[in-house]
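# Descriptive analysis of the structure
Here are the chains, one letter per residue:
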Amino acid sequence: QAKRRITTRTSTQDAIDRLVGIAEEQRARVADNDATGIGAALDEAWQLKKQMATRVSSSLLDGYYDRGRKAGATGGKIVGAGGGGCLLLVVPPQARASVRKAMAKSGLREIPILIESGGTTIIHVSDLEAPGARTEPQTAPFRVAKEKAS
């Protein structure tokens, strides 16, 4: 039985292999400013993760995600520690108003983000409410510096 378990692939192992592939492919998508491809890959990864375990999501989170997709998001993911925290959606410019409306109707609050070449900066949502805070989400395509050949 142990030998069979070692030599038999499971759907979870296949899903993990595909998730690794998606992660590797995402680097090129980011470098190419392929927001549509990034969203589609996030959607594929989300579906794979949900297949791997029943507690990855909930009907509430799935409902929010589905509403965002139906409103025009190309993909997304739940981010945060255990049980969610934020729903990150990739939305083309022409669908932003529709997605904002659908998410607000669902009772969700938008947290604007900016993609910076310097990497992640930790902030608090309350910082966004400070006078003079930069709260507009990024509207231009993001850019990633190409690596220099050595």
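Residues numbered from 1 in each chain as written. Predicted model: local features only at pLDDT ≥ 70, side-chain atom pairs only at ≥ 80, totals over all residues. Heavy atoms only, no water.

Glancing now at the overall build of the protein. Scanning the protein for helices and strands turns up five helices and two strands. Shown N-terminal to C-terminal, the secondary structure of the protein runs as helices and strands in the order α-α-α-α-β-β-α. Per-residue burial for the protein yields a buried fraction of 28% across its 150 residues. Within the protein, counting contacts between residues at least 6 apart in sequence, those at least 24 apart form 48% of the total. Here the protein has roughly 10,900 Å² of accessible surface; of this, 55% comes from carbon and sulfur atoms. (Helix = DSSP H or I, 4+ residues; strand = E, 2+ residues; numbered from the N terminus. Buried < 20%, exposed > 50% of the residue type's maximum accessible area, 1.4 Å probe, protein only. Contact = heavy atoms within 4.5 Å. Areas by Shrake-Rupley, 256 points an atom, 1.4 Å probe, with all protein chains shown as cover.)

Moving on, we get to the pattern of salt bridges. The tally for this structure, following the rule as stated, stands at six salt bridges. One salt bridge in this structure joins Glu44 and Arg18, with 2.8 Å as the shortest N-O distance. Here Glu44, found in helix α3 (residues 35-52), pairs with Arg18, found in helix α2 (residues 11-31); they are 26 residues apart in sequence, far enough to count as distant. The partly exposed category is assigned to Glu44, whose relative accessible area is 31%. Residue Arg18 is classed as partly exposed on the basis of its relative accessible area, which comes to 28%. Residues Glu110 and Arg100 are paired through a salt bridge, measuring 3.0 Å at the closest nitrogen-oxygen approach. On the criterion of sequence distance, the pair formed by Glu110 in the segment after α5 (96-105) and Arg100 in helix α5 is long-range, its members being 10 residues apart. What you see here is one network of salt bridges that share partners, running through Arg18, Glu25, Arg29 and Glu44. (Salt bridge = Lys/Arg side-chain N within 4 Å of Asp/Glu carboxyl O.)

Relative to the 30 Å expected for 21 residues at 1.5 Å per residue, α2 spans 31 Å between its end C-alpha atoms, a close match to the ideal helical length. Regarding α2, the residues found buried are Ala15, Leu19, Gly21, Ile22, Gln26 and Arg29. Contacts from the buried residues of α2 go to α3. Note on α2: the residue one or two positions beyond its end, Asn33, has a positive phi of about 60°. (Expected span 1.5 Å × (residues − 1).)

Turning to helix α4 (residues 59-71), a few remarks are in order. With 13 residues, α4 extends 18 Å between its outermost C-alpha atoms, agreeing within 8% with the 18 Å of an ideal straight helix rising 1.5 Å per residue. Listing the buried residues of α4 in full gives Leu61, Gly63, Tyr64, Tyr65, Gly68 and Ala71. Elements in contact with the buried residues of α4: α3, β1 (75-79), β2 (86-90) and α5. Positioned one or two residues after α4, Gly72 has a phi angle of 130°, which is positive.

On to the packing of α2 against α3. Two elements in contact, α2 and α3, have axes whose closest approach is 10 Å; the angle formed by their N-to-C orientations is 165°. Between α2 and α3, the angle is such that the two are roughly antiparallel. The handedness of the crossing between α2 and α3 comes out as left-handed. Residues Thr12, Ala15, Ile16, Arg18, Leu19, Ile22, Gln26, Arg29 and Val30 of α2 form the contact with α3, whose participating residues are Gly37, Ile38, Ala41, Leu42, Glu44, Ala45, Leu48, Lys49 and Met52. (Axes fitted to C-alpha atoms, helices over the stretch in contact; angles between N-to-C directions. Parallel < 35°, antiparallel > 145°, perpendicular 65-115°, else oblique. Left-handed = near helix turned anticlockwise from the far one by under 90°.)

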